[in-house]
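Residues per chain are reported as follows:
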Amino acid sequence: PEAITVQELANRMAERGADVIKALMKMGVMATINQTIDADTAELIIGEFGHTVRRVSAADVELGLEGEADIDDHLLPRPPVVTIMGHVDHGKTSLLDALRQTDVAAHEAGGITQHIGAYQVTLPSSKKITFIDTPGHAAFTEMRARGANVTDIVVLVVAGDDGIMPQTVEAIHHAKAAKVPILVAINKMDKPDANANRVRQELLSHELVTEEMGGDVLTVEVSAKTKMNLDKLEEALLLQAEILDLKANPDRSAVGAVVEAKMERGRGSVATLLVQKGTLKVGDIFVAGAEWGRVRALLDDRGRNIDSAGPAMPVEVLGLQGTPQAGDVFVVVESEARAREITEFRAHREREKQAAAGARSTLEQMFSKI
Ligand code: GDP
Ligand code: MG
C-alpha cells in the first residue's frame, strides 16, 4: 500500500494521533485522524518524530506487511547470522564442523547432529551464534538473488600457507556488494609454513585493512584441525555483532528466509527456515516463495521437536504443500485463504513473466531475420 491513515501511522510510531495531525499541519497538510496520507509524507512525519524509517523487503511490501516493521520499543538483541566463504580447500567445511563442536548445549542434549543447512552454537557465556551450514559463494549469492539477505557477517577463510587466491577475491567482492562486514579467519596455522602476516599484507591490496595495520578488519589465527583459537574467533564474531547492534522484535508474526528445502519420503516437503524477526510457532500458516503451508512440526538443528523459534534461529519445518527454493522469503499470514491468494498471485505473475519472455524471444527472432 502506498498510503496509510493518520491513526495507523500514529499507532505504529506509538505517538498520539493529535500530535501527528499537528506535525502534518506544520508541513501544510490538513488531515483528519481517519484520512490517508501518502508514503512520502508519512516518511517525512516519521523523521519529524525522530523515528527511523525501516527499509522492508520487497516481499513484505508485496504482502502489505510493511506495517509490521519492527517497532523500535520491542527490539531485542539477537544472535548474529554468519556465512563462511573462501577459496576451495582453505578449510570452510572443516571450520564449520569444528565450530559446531564448540556448542556447549550439545553435550547435555545428546541429540544427534542434523545437517539442516544452518545451526546455532551456544557459547559458555550463553550467547549464541548462527552459522549457515552451506558454505560457498553460490549459496550466498543465490539467496541474495532470491531476495533473502540473511548474513550479518562473512567469515573469510584464508589458508595461512596459501594466502589470497581467486575465490578469496570473489568472496570479498560478494561480501562488499552485500555490504556485509568481513572477519578474516586465517586458517591452517598449525602448518609450519603458515604466515599470518603475509595474509594481512595481501588483504591490504583488496582494501581490507586489518586491525594490526590500523584498520578495522578483525583477523583471527585459527586451526580447524587442532581447534586452536576457535573461541577467539567466536569472541570476535560477538564483538562484530555488538558493533552492528543486531536487534529484532520477537513479539510479532515470523518473517525469514528459506535456507534449504527438499522432498523427503515419508515426511513430505521439508524446509530449513531461518527466522529473521518474530517468532514462528507450530500451527502458523505461512507463505514461502510460491508455496504455502501450515507448520505441523518444528525441529531444531539437533532434530528435537520445539514449539517455537525466535529471531536468528534455524528450524526445520514440516507441513509445506510444495517445495520452495533456497533464498525464498517466508512470511506468516493470518489465514489459509490469504496464503492461497498470495501463492496464486505469485504463480500468475510467474506465468505472465514467462509469457512476456516468450514474446520477447519471438520478437528477437523476428528482428534477427531482418
Ligand atoms: P573447503 O574446501 O574450504 O571446505 O576445505 P575443507 O574443509 O574441505 O579442507 C580442505 C583440506 O584442508 C582438508 O584436507 C582438510 O583436512 C584440510 N584442513 C582444513 N583445515 C585445516 C587446518 O586447520 N590445518 C590443516 N593442517 N589442515 C586443514
Ligand atoms: Mg567444503
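Along each chain, residue indices are assigned from 1 in the same order as the chain's sequence is written. Labels follow written order: the first chain is A, the first ligand is 1, and so on. Per-residue local features are limited, in this predicted model, to residues with pLDDT of at least 70; the limit for side-chain atom pairs, both in listing and counting, is 80 or more; totals at the level of whole chains, interfaces and linings are taken over all residues. In computing side-chain values, all of the structure's heavy atoms are included and hydrogens and water are not.

Draft legend 1. Seen up close, the sheet that holds strand β5 (residues 118-122). In this description, strands pair whenever DSSP reports at least two bridges between them. A run of H or I in DSSP counts as a helix once it spans at least four residues, and a run of E counts as a strand once it spans at least two, with each numbered from the N terminus. Reading across the sheet, the six strands line up as β5-β6-β4-β7-β8-β9 and stay open at both edges, with mixed pairing between neighbours. Either end of the sheet is taken by a strand with one partner, and the two such strands are β5 and β9 (219-221). The average angle at which neighbouring strand axes cross in this sheet is 30°, direction not considered. Pairing of strand β4 (residues 81-86) with strand β6 (residues 128-132), which is carried by three bridges, proceeds in the parallel orientation. Bridging across to β6, Val82 finds its partner in Phe131. Of the strands in this sheet, β4, β5, β6, β7 (153-159) and β8 (182-187) touch helix α5 (residues 92-100), which is tilted by about 150° from β4. Axis angles are defined between N-to-C directions and span 0 to 180 degrees, where every axis is a line fitted to C-alpha atoms and, for a helix, only to the segment in contact. In this description, contact between two residues means that some pair of their heavy atoms is separated by no more than 4.5 Å.

Draft legend 2. Molecular detail of the site of ligand 1. Nearness is defined per residue: one heavy atom within 4 Å of the molecule or strand is enough. Close to ligand 1 lie 15 residues, the nearest being Asp89, Lys92, Thr93, Ser94 and Asp190. Whenever two N or O atoms come within 3.5 Å, that pair is a polar contact, provided that in protein one can donate a hydrogen and the other can accept it, and provided that, for residues adjacent in sequence, both atoms are side-chain atoms. In the environment of ligand 1, an oxygen atom lies 2.9 Å from a nitrogen or oxygen atom belonging to the backbone of Ala224. Working definition of accessibility: Shrake-Rupley area with a 1.4 Å probe, residue cover restricted to the visible protein chains. Notes on ligand 1: free accessible area 580 Å², of which the protein chains cover 71%. The leading source of residues in the shell around ligand 1 is α5, at three residues. Ten residues, namely Ala, Val, Leu, Ile, Met, Phe, Trp, Tyr, Cys and Pro, are considered nonpolar, four, namely Asp, Glu, Lys and Arg, are considered charged, and the remaining ones, Gly among them, are considered polar. Here the residues of the shell around ligand 1 are counted per class, giving two nonpolar, seven polar and six charged.

Draft legend 3. Expanded view of the pairing of strand β18 (residues 314-320). Using a 1.4 Å probe on the protein chains alone, a residue whose accessible area is under 20% of its type maximum counts as buried, one over 50% counts as exposed, and one in between counts as partly exposed. Most of β18 sits out of view: seven of its seven residues are buried. One ladder, built from six bridges, connects strand β12 (residues 268-277) with β18; its direction is antiparallel. Bridge pairing in β18 places Val270 opposite Leu318. Note that strand β15 (residues 291-299) and β18 share four bridges and pair antiparallel. The partner of Ala297 across the bridge, within β18, is Leu318.

Draft legend 4. Fine view of the pattern of salt bridges. One speaks of a salt bridge when a side-chain nitrogen belonging to Lys or Arg is within 4 Å of a carboxyl oxygen belonging to Asp or Glu. Under the defined criterion, the tally for this structure stands at 18 salt bridges. A salt bridge links Arg302 to Asp103, with the nearest nitrogen and oxygen atoms 3.5 Å apart. Taken together, the residues span a long stretch of sequence, with Arg302 in the loop between β15 and β16 (305-306) and Asp103 in the loop between α5 and α6 (104-109) at a distance of 199 residues. Neither Arg302 nor Asp103 differs from the other in exposure class; each is buried. A salt bridge links Asp300 to Arg304, with the shortest nitrogen-to-oxygen separation between them at 2.9 Å. Relative accessible area serves as the criterion here: at 6%, Asp300 is assigned to the buried category. Overall, Arg304 belongs to the partly exposed group, its relative accessible area being 35%.

By themselves these figures say nothing about function.
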